[in-house]
Amino acid sequence: MIHEDDTYEALDSCTADDADESEPTRREADEAESSRASRGWWDRNADDYQIEHGTFLGDDRFVWCPEGLDEMEAGLLGPLESLQGLDVLEIGAGAAQCSRWLAAQGARPVALDLSHRQLQHALRIGGDIPLVQADAGKLPFQDGSFDLACSAYGAVPFVADPVEVFREVRRVLRPGGRWVFSVTHPVRWAFPDEPGPEGLSVSASYFDRTPYVEQNDDGRAIYVEHHRTVGDRVRDVVAGGFTLVDLVEPQWPAWNTQEWGGWSPLRGNLIPGTAIFVCVRN
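From a predicted model like this one, the values you see are computed outputs, not experimental measurements.

Engineer: Whenever I open this one, the packing of helix α5 (residues 162-172) against helix α6 (residues 230-239) confuses me. Can you help?
Structural biologist: Packed helices, taken two at a time, are described by the angle their axes make and the gap between the axes. Axis separation between α5 and α6 bottoms out at 8 Å; the angle between their running directions is 40 degrees. In terms of axis orientation, α5 runs oblique to α6. Remark: the crossing between α5 and α6 carries right-handed chirality. Residue-level contacts link Pro162, Val163, Phe166 and Arg167 of α5 to Arg233, Asp236, Val237 and Ala239 of α6. Along the lines of polarity and charge, the residues of the contact of α5 with α6 split into 5 nonpolar, no polar and 3 charged.

See below:
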């Protein structure tokens, strides 16, 4: 649990050797290495992330993806009035922007993230939201603690065993509970992660599940992202004990003129960038 006396100060880890120039590669990375890399990467990069994307995300909006799909309009968690009084777990909450929006709708959210630094930003922004630092594959909650779970690009793309995460989410949900999560659209893995024309030509096999890894000079992973095909994601959802009720592929809206990493109006109008899985606990 993160408390108010966890002050917002510079982290010593930001100057660690792991923050030095990294080498990108494709290689296997197990759950322990992936978790360790994700924790360190987000602790080191949370400040820059919030500075770069904080305005777009807002302090109390629920934005699903770089396309800018807003839950207020999408209603993927259910009708707005149905959120009143629900216990909600946000996984990979970052600075808890989505949780603040949920609280404003009358829900009782808990914001969970692997990164202590991200949760410090949640403290900086403020709001009466319980903050928990934990791994998504080992949720520190009793069975049936929540009515709803959600994750906007949190945890799922960075874990080696998503089924383990889904089973944990199922465990802490009550019967019939909804689990909604967004990830990079799997088709994007076949293209270079570039916002311009160079990102429109296939450069790799869509079927290559080898993780993307950035590693330091010693070969230690400092960033890991795992690829699953669309079919893999559907099978993972089912194996985790859920029924898939919708798969949303947001179109790029005309109002959104910004670039966000490899996301851009150019690419977004031609190929999908995000996949949102709407699931219900069996």
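Read on, since the account is not over.
Engineer: Looking at this structure, I do not really get the packing of helix α1 (residues 31-57) against helix α4 (residues 116-125). What am I missing?
Structural biologist: Where α1 contacts α4, the two axes come as close as 7 Å, and the packing angle between them is 40 degrees. Only His116, Arg117, Gln118, His121 and Arg124 of α4 make contact with α1, whose side of the interface consists of Trp42, Asp43, Ala46, Asp47, Tyr49 and Gln50. Looking at the contact of α1 with α4 residue by residue, the classes come out as 3 nonpolar, 4 polar and 4 charged.

Engineer: Help me understand the sheet that holds strand β5 (residues 146-152), please; the structure alone is not making it clear to me.
Structural biologist: Taken together, 7 strands build an open sheet; the order of strands is β4-β3-β2-β5-β6-β10-β9 and the sheet is mixed. Whereas interior strands pair on both sides, the edge strands pair on one side only; in this sheet they are β4 (131-133) and β9 (242-248). Strand-to-strand, the axes of this sheet are offset by a mean angle of 20 degrees, without reference to chain direction. In the packing of α6 onto the sheet, the strands contacted are β6 (173-184), β9 and β10 (274-281), and the crossing angle to β9 comes to about 145 degrees.

Engineer: Can you help me understand the environment of Leu86 in this one?
Structural biologist: Mapped onto the fold, Leu86 is located in the loop between α2 (71-74) and β2 (87-91). Apart from the residues lying within four places of it in its own chain, the contact partners of Leu86 are Ala107, Arg108 and Asp147.

Engineer: Quick question: what am I supposed to make of a negative patch on the surface here?
Structural biologist: Residues Glu21, Glu23, Asp217 and Asp218 make up a contiguous surface patch of negative charge. By relative accessible area, Asp218 is classed as exposed at 73%.

Engineer: Explain the pairing of strand β3 (residues 108-113) here, please?
Structural biologist: Taken residue by residue, a regular strand's side chains alternate between the two faces of the sheet. Here β3 lies mainly inside the structure; 5 of its 6 residues are buried. The pairing of β2 with β3 spans 5 bridges and is parallel. Bridge pairing in β3 links Asp87 to Arg108. Viewed along the sheet, the connection from β2 through helix α3 (residues 97-104) into β3 turns out right-handed. Here β3 runs beside β4; their pairing, made up of 3 bridges, is parallel. Residue pairing across strands places Ala111 opposite Leu131, the latter belonging to β4. Once the chain exits β3 it traverses α4 before rejoining the sheet at β4, and the crossover so formed is right-handed.

Engineer: So what exactly am I meant to see when it comes to empty space enclosed by the protein here?
Structural biologist: Rolling a probe over the atoms, with the probe sized like a water molecule, indicates the empty space that remains. Evaluated as defined, the whole model comprises 2 cavities of 30 Å³ or more. In this structure, the largest cavity occupies an estimated 60 Å³ of space. Forming the boundary of the largest cavity are Pro157, Val183, Thr184, Pro186, Trp189, Glu225, His226, His227, Arg228 and Arg233. Across the lining of the largest cavity, the residue classes break down as 4 nonpolar, 3 polar and 3 charged. Here the second largest cavity is characterised by a volume of approximately 40 Å³. Lining the second largest cavity we find Glu31, Asp135, Ala136, Gly137, Lys138, Val159, Asp161, Glu164 and Val165.

Engineer: Can you help me understand α5 in this one?
Structural biologist: Given 3.6 residues to a turn, an α-helix orients residues that are three or four positions apart in the same direction. The complete set of buried residues in α5 reads Pro162, Val163, Val165, Phe166, Glu168, Val169 and Val172. Structurally, α5 contributes buried residues whose contacts are with β2, β5, β6, α6 and β9.

Engineer: Help me understand the packing of aromatic side chains, please; the structure alone is not making it clear to me.
Structural biologist: Any two aromatic rings considered together are summarised by their centre-to-centre distance and by the angle between their planes. Counted under the stated rule, the structure contains 17 aromatic pairs. For the pair Trp42 and Phe158, a centre-to-centre distance of 6.2 Å together with 80 degrees between the ring planes defines the contact as edge-to-face. Within this pair, whereas Trp42 is found in helix α1, its partner Phe158 is found in the loop between β5 and α5, the two being separated by 116 residues in sequence. Note on accessibility: Trp42 and Phe158 belong to one class, buried. These aromatic residues form a ring-pair network of at least three members: Trp41, Trp42, Tyr49, Phe56, Phe158, Tyr212, Tyr223 and Trp260.

Basis of the calculations
- Residues numbered from 1 in each chain as written.
- Predicted model: local features only at pLDDT ≥ 70, side-chain atom pairs only at ≥ 80, totals over all residues.
- Heavy atoms only, no water.
- Axes fitted to C-alpha atoms, helices over the stretch in contact; angles between N-to-C directions.
- Helix = DSSP H or I, 4+ residues; strand = E, 2+ residues; numbered from the N terminus.
- Parallel < 35°, antiparallel > 145°, perpendicular 65-115°, else oblique.
- Left-handed = near helix turned anticlockwise from the far one by under 90°.
- Contact = heavy atoms within 4.5 Å.
- Nonpolar A, V, L, I, M, F, W, Y, C, P; charged D, E, K, R; others polar.
- Pairing = 2+ DSSP bridges.
- Patch = residues over 30% accessible without salt bridge, like charges linked within 9 Å, V, L, I, M, F, W, Y side chains within 5 Å.
- Areas by Shrake-Rupley, 256 points an atom, 1.4 Å probe, with all protein chains shown as cover.
- Salt bridge = Lys/Arg side-chain N within 4 Å of Asp/Glu carboxyl O.
- Lys, Arg positive; Asp, Glu negative; His and termini not counted.
- Charge placed at Lys NZ, Arg CZ, Asp CG, Glu CD.
- Buried < 20%, exposed > 50% of the residue type's maximum accessible area, 1.4 Å probe, protein only.
- Right-handed = clockwise from strand over helix to strand, strands pointing away.
- 1 Å grid on protein atoms, 1.4 Å probe; cavity = no way out; pocket = protein on both sides within 12 Å on 5 of 7 lines; lining within 4 Å.
- Points joined across faces, edges and corners; volume = space filled by probe spheres on them.
- Phe/Tyr/Trp six-rings, centres within 6.5 Å; stacked < 30°, edge-to-face > 60°.

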